[in-house]
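# Architecture and fold: a report
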Amino acid sequence: MKRAYNFNAGPAALPLEVLQRAQEEIVDFKGIGMSIMEISHRSKEYEAVNDETQQLLLEHLELPSGYKVLFLQGGASTQFAMVPMNLLASGKVGSYVMTGSWAEKAYQEAQLIGETHIAASSQEGVLHIPALSEIQIPENAAYLHVTSNETIAGTQYQAFPDTGSIPLVADMSSDILSRRIDSSKFSLIYAGAQKNLGPSGVTVVVVKDDLLKETPKHLPTMLRYSTYIKNNSLYNTPPVYSIYMVNLVLKWIKEKGGIGAVEKLNREKTDLIYNALDNSGGFYEGMAQKDSRSIMNITFKLQTEELEKEFLAEAKKNGFVGLGGHRSVGHLRASTYNAVPYEACKALVDLMGEFQRKNG
Ligand SMILES: *Cc1c(COP(=O)(O)O)cnc(C)c1O
């Protein structure tokens, strides 16, 4: 078996050990003679997976008590609407830090629901995260929304703002559990699973209990966070298999030594690639401003479109996948999520060196 060097942006690489474990368990989950997909979501076997997955997430996020983990559907994109629907009361504003395409989408969706405000923005044409000192939060803010990692731009917050009594909300779809952070700063974190947590199909929401005291009564049942809290994410049929896969990924993280160990490896992986860009004498160029570089998505370019095409062709020939930039920005991008092995990053750097020798 030859596994690809998978640098896809999402859905993305999953740990080989996780895929193998899922394969072993697919026809007979824990001796029940059926797969986890074939049994009731109200069975004790599934409930154990549901509860353990919540527990593992809280543990990896190092959260104090008072937080709940919810499993939803509709992707992070549905959270762009659910956040303001549940939290943005009239007379208040949803305040957003504009850092790129994903922040923009969250903001646009909030505009459909209520009053919005821009707390800070990246400079036009520069891929960076604004300095925390630039963030202005109005007194009547219902929350401040940040996008912890801009998957398309390749930029990531290196520290998060202190918002005092104003709830801090984050879209962490592309960097949740990639590094140790003070998660207790956040009142609500959401993430589509398909980048760093598992397959698509489930969206994880981690929310502080006291945030939802005043949610509007008119909201449809399935669009209300409190429905998921009250029913332990079992109000209706959850995406059982996706949650099971997230469970395996969270156990894999634990076996690797936890988030600290995962972060260390992520930094080694990305240092390797960023150093290769910086030491190429301008042959390769990192696109994100250095102080905002992401350890999950590395955006870079070559001097001409022609060379980029050749590079992608060469990469493809050598078993690399997913190195084209997002269609909105072009150029190149390597996504180095938790499940991407160090060896794949090393192979990429070798390929880059070889390509430069031939074409530089
Ligand atoms: C991929 C991504 C999304 C969209 O996620 P879906 O689950 O496809 O809706 C939102 N935000 C960020 C930061 C992403 O990387």
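### What to know about unusual backbone geometry
In this model, Gly-10 is joined to Pro-11 through a cis peptide bond whose omega is -10 degrees. As for its position among the elements, Pro-11 is in the loop between β1 (5-6) and α1 (16-25). We note that His-331 has phi near 55 degrees; this positive angle belongs to a residue other than glycine. In this structure His-331 comes out as partly exposed when scored by relative accessible area, which is 31%.

### Thoughts on α1
An α-helix turns once every 3.6 residues. As a result, residues three or four positions apart point the same way. Within α1, burial applies to Val-18, Ala-22 and Glu-25. Projected down its long axis, α1 carries its buried residues within an arc of 70 degrees, all on one side. Facing away from the buried side of α1 by more than 90 degrees, the exposed set consists of Gln-23 and Glu-24. Its buried side turned inward, α1 meets α6 (240-255).

### Re the sheet that holds strand β14 (residues 332-335)
Sheet strands associate in pairs through backbone hydrogen bonding, adopting either a parallel or an antiparallel arrangement. One open sheet accounts for three strands, arranged β11-β12-β14; its pairing is antiparallel. The strands lining the two open edges of the sheet, one partner per strand, are β11 (285-286) and β14. Examined bridge by bridge, β11 and strand β12 (residues 297-301) share two bridges and lie antiparallel to one another. Directly across from Glu-285, in β12, lies its bridge partner Lys-301. The strands that helix α7 (residues 258-278) touches are β11 and β12; relative to β12, the one it contacts most, it runs at about 15 degrees.

Calculation notes
Residues numbered from 1 in each chain as written. Predicted model: local features only at pLDDT ≥ 70, side-chain atom pairs only at ≥ 80, totals over all residues. Heavy atoms only, no water. Helix = DSSP H or I, 4+ residues; strand = E, 2+ residues; numbered from the N terminus. Buried < 20%, exposed > 50% of the residue type's maximum accessible area, 1.4 Å probe, protein only. Arc of directions from axis to C-beta. Contact = heavy atoms within 4.5 Å. Pairing = 2+ DSSP bridges. Axes fitted to C-alpha atoms, helices over the stretch in contact; angles between N-to-C directions.

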